[in-house]
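Topology and contacts: notes
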Amino acid sequence: MTSPSTSPSSSATTSATNSVKAAGDVRHHTLVVLVENKTGVLARVAGLFARRGYNIFSLAVAPTEDERFSRITIVVDVESSPLEQIVKQLFKLIHVVKISELDPRESVERELVIATVNATPLARGQVIELVQVFEGKILAVGHDVLTVSLDGAPAKVDDFEELLRPFGIVELQRTGRVALAKVTTSATRPLVAQVS
Amino acid sequence: MQMNGGQALIRSLELEGVEVIFGLPGGAILPVYDPIIDSPIRHILVRHEQGAGHMAEGYAHATGRPGVAMVTSGPAATNIVTPLCDAYMDSVPIVVITGQVPSTAIGTDAFQECDTVGITRSVTKHNELVTRAADIPLAVREAFHIATTGRPGPVLVDIPKDIVDPKNPASMLEWYWPTDAAVAAGLPGYRPTTKGHPRQIRHAAELICASVRPVIYAGGGILKARAAEALRELAELSGIHVVTTLMARGAFPDDHPLCLGMPGMHGNYAAVTSMQQADLLIALGSRFDDRVTGKVSAFAPDAKIIHVDIDPAELGKVRRPDVPIVGDCRLVIEELVRAVRDLGGAGAQPDRSAWRRTISGWQERYPLAYEISEPGDALKPQFVLEQLRDNTPDDTIVCSGVGQHQMWTSQYWRFNHPYTWVNSGGLGTMGFAVPAAVGAKVGRPDRMVWAVDGDGCFQMTAQELVTASTERIPIKVAILNNAYLGMVRQWQEMFYEERYSEVYLSPDLPDYKMWAEAMGCIGMRVESPEEVLPAIEKANSIDDRPVVIDFRTDSREKVFPMVPPGLSNDDIVTGPAQGEGGR
């Protein structure tokens, strides 16, 4: 009411420097934060990052299979402040239920990009070929533009964006990362257990 | 039983054991004020909402029970932001109820609307906008639970007018009182750890029994956890000296042979230097505040650190501990005492006679000192404090504002009992003293309560003396009136080449004696040393109204020792009364 709700579903990608920067960078860590699905919870989490001077690289949030909870996937830029302090401060928020850091090798991560690119008749074939190579989709066709989409691992989305760029990107929106631990292994580092 | 939301709110406060609410009514909170008339809860009508917040804090500091303040929406809510932040920084359990415009008006920039929950989010442990009348009892129970458990702190509950307004059918609810299980189920993410990890406690005990230069660094967490007895047992069992931070004054008796007093920027030489040279710091409920550590990279360079705190985020925030222990200070210290006993107790401590001799050498060589004033000269503030200290009961509760007078009080008072020192440490809120003293006196009417205030501070919240007079709350206020914003003046003298910018206040504008009398208090003015004691004795004899004494003190007097900002604690300056420098 007074602040953004996590419901039904909202997501955002922000970048401290520029959107081209690779999301798989070592200084980036993926936190999966299970929160109570209550009014203002996103503002609490975002406000904490702002208040303590931590950088969010990307953030995605939506309700989980249990509608009482939402899962926030935050990619944090931890060059300036230690991850441990971020996690501990986050866990002090009353509506935060659980925090896990995901190891990229033992988790699955996905991101979605939608882009409208210039595709004059001369270049259109190349763009379509590129989309096919990446197993992306063509969402809309205009006279001299194509709107394409790709979901995949963040690094693959980075590559796709890079290769689209020479054609001329008219508009582009990435969702930010969402991630889950792999089912077979227990990749989730129990940061919360360390904390308490 | 059917009940209106406003009645349910007051009933919930009654069931939480609230005996007093500090507040001021207004449009949005009106429906909650009506049932107060029929409630046994005492309401104290403040003159400014900031006063209500600091009174709730003073009450909580002095009693250990949560203080409660209730104000309306908009400007009242913004006026109470400072006390909320103050309570957040000093971990004071208070519950603040704010009125809010009706649900349908929220977001429309209605009269006296502000985003209270948004504004106070970063200065509360938790806050909540209640949207249904039926949620009120649960919201109140949760608020008290969160405020008083784990690391205590302020909780704000924002109540839209429509859910408490009897004219609105939706304000009716079927009364219930939530069970503990319902509270726990409502807070799935809130489970404070109270018991320390046994292996870490054993490890800590081993470090204690191996250390030859240990110091216990006791913080405000000792008082919050009611751990003063446990701390004393640990100190006496191990024979280890204790420093008590600004927030922990009184947590360990100043007259105890193992007490070193206050460390930090204006700490005494022995406390500061023993920490610097320690080989082990046992940090109990303290948070390595910058005013204690000085330059962090040069703080206690040879010390191993045992850090006990109920807030996991404090461990490693400033200094990485060798032994981190998350838990309630009282429970952990009691376990630690057991673990030290298991290792042989007092008999297992190494020979620390050289360390003890070093410490007592510092104490003898660098006691707190000031230059006694010559006849006819202005009063020394330290002299006033010594007289006040020596002529009031041992268990007097002392409250202070922020600045030089606060540091002198902390230095020169002898705190021999816990919960006798009430001040604003973390936020450093000028104007804290008078309202905090009112709250403390309401909570402990059996105790004498003195506020030691500066002239700058006094002018910020003096109007609460009208509250005190009206409500017959006989606090006593000693203004150390040096006609300056004294601490700022001290910094300008020492670090800005004596360029005094905007710090002069005038000693007699306002006339504090007349102002006090206008507010229904007894007012006195003291200008010479021989008048000090009679004035204090007269004040002590008055118990039916507040008393204010305007002590005219020497404006040139500075607080020493001092660790200059940004420097290492090794660079402590002991001041002119000790000759040049400290080392």
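Residues numbered from 1 in each chain as written. Chains lettered and ligands numbered in written order. Predicted model: local features only at pLDDT ≥ 70, side-chain atom pairs only at ≥ 80, totals over all residues.

Broken down by element type, chain A carries 5 helices and 10 strands. Burial statistics for chain A: of 196 residues in total, 38% are counted as buried. Taking all contacts inside chain A whose residues are at least 6 apart in sequence as the whole, residues at least 24 apart take part in 79%. (Helix = DSSP H or I, 4+ residues; strand = E, 2+ residues; numbered from the N terminus. Buried ≥ 20, exposed ≤ 12 C-beta atoms within 10 Å, placed from the backbone. Contact = placed C-beta atoms within 7 Å.)

Here we come to the overall build of chain B. Along the backbone of chain B there are 23 helices and 20 strands. In terms of overall dimensions, chain B is globule-like: its C-alpha atoms have a radius of gyration of 25 Å, near the 25 Å expected for 583 residues. Principal-axis analysis of the C-alpha atoms places the extent of chain B at approximately 75 × 60 × 40 Å. Counting the 583 residues in chain B, one finds 56% classified as buried. Contacts spanning at least 24 positions in sequence make up 76% of the contacts within chain B whose residues lie at least 6 apart. (Rg over C-alpha atoms; globule rule 2.2 N^0.38 Å.)

An α-helical segment advances 3.6 residues per turn. Residues three or four places apart therefore align on the same side. Residues and elements named next belong to chain B. Of all the positions in helix 23 (residues 529-541), only V532, A535, I536 and A539 are classed as buried. Angularly, the buried residues of helix 23 cover 100° about the axis, an arc narrow enough to put them on a single face. Those residues of helix 23 that are exposed and angled more than 90 degrees off the buried face are E530, P534, E537 and S541. (Arc of directions from axis to C-beta.)

Residue and element names in this part refer to chain B. With 4 of 5 residues buried, strand 2 (residues 20-24) lies mostly within the body of the structure. Bridge analysis of strand 2 against strand 3 (residues 42-45) gives 4 bridges, and the strand direction is parallel. From the neighbouring strand, I21 faces strand 3, where its bridge partner is H43. Viewed along the sheet, the connection from strand 2 through helix 2 (residues 30-36) into strand 3 turns out right-handed. (Pairing = 2+ DSSP bridges. Right-handed = clockwise from strand over helix to strand, strands pointing away.)

The next subject is the packing of helix 16 (residues 381-390) of chain B against helix 23 of chain B. Residue and element names in this part refer to chain B. Contact geometry of helix 16 with helix 23 gives a least axis separation of 10 Å together with a crossing angle of 35°. Here helix 16 and helix 23 pass one another in a crossing that is right-handed. Here F383, V384, Q387 and L388 of helix 16 come into contact with helix 23, specifically with P529, V532, L533 and I536. (Axes fitted to C-alpha atoms, helices over the stretch in contact; angles between N-to-C directions. Left-handed = near helix turned anticlockwise from the far one by under 90°.)

Here the focus is the sheet that holds strand 4 (residues 67-71) of chain B. All names here are of chain B. As summarised here, the arrangement of the 6 strands in space is 3-2-4-5-7-6, forming an open sheet in which the pairing is parallel. The open sheet terminates on both sides in strands that have one partner only, identified here as strand 3 and strand 6 (126-129). Here the strands of the sheet are splayed against their neighbours by 20° on average, with no regard to which way each runs. Against the sheet, helix 7 (residues 136-148) engages strand 5 (94-100), strand 6 and strand 7 (154-160), with an angle of about 165° to strand 7.

Residue and element names in this part refer to chain B. Per the domain assignment, the segments making up chain B are domain 1 (2-186), domain 2 (198-365) and domain 3 (381-559). Computed from C-alpha coordinates alone, the two centres of domain 2 and domain 3 are separated by 31 Å. Listed per partner, the contact involves 13 residues of domain 2 and 14 residues of domain 3. The class makeup of the residues in the side of domain 2 that touches domain 3 is 7 nonpolar, 3 polar and 3 charged. (Domains from an automatic or database assignment. Nonpolar A, V, L, I, M, F, W, Y, C, P; charged D, E, K, R; others polar.)

Ranked by internal contacts, the top residues of the largest apolar core, which has 209 residues, are A:V33, B:A218, B:I222, B:L231, B:L281 and B:L284. The element best represented in this core is helix 7 of chain B, accounting for 8 residues. Apart from the residues within four sequence positions on either side, B:L281 is in contact with B:V215, B:Y217, B:M275, B:A300, B:A303 and B:I305. Grouped together as the second largest cluster of nonpolar side chains are 13 residues, A:V117, A:A119, A:V157 and A:L164 included. (Core = buried A, V, L, I, M, F, W, Y, C linked by C-beta atoms within 7 Å.)

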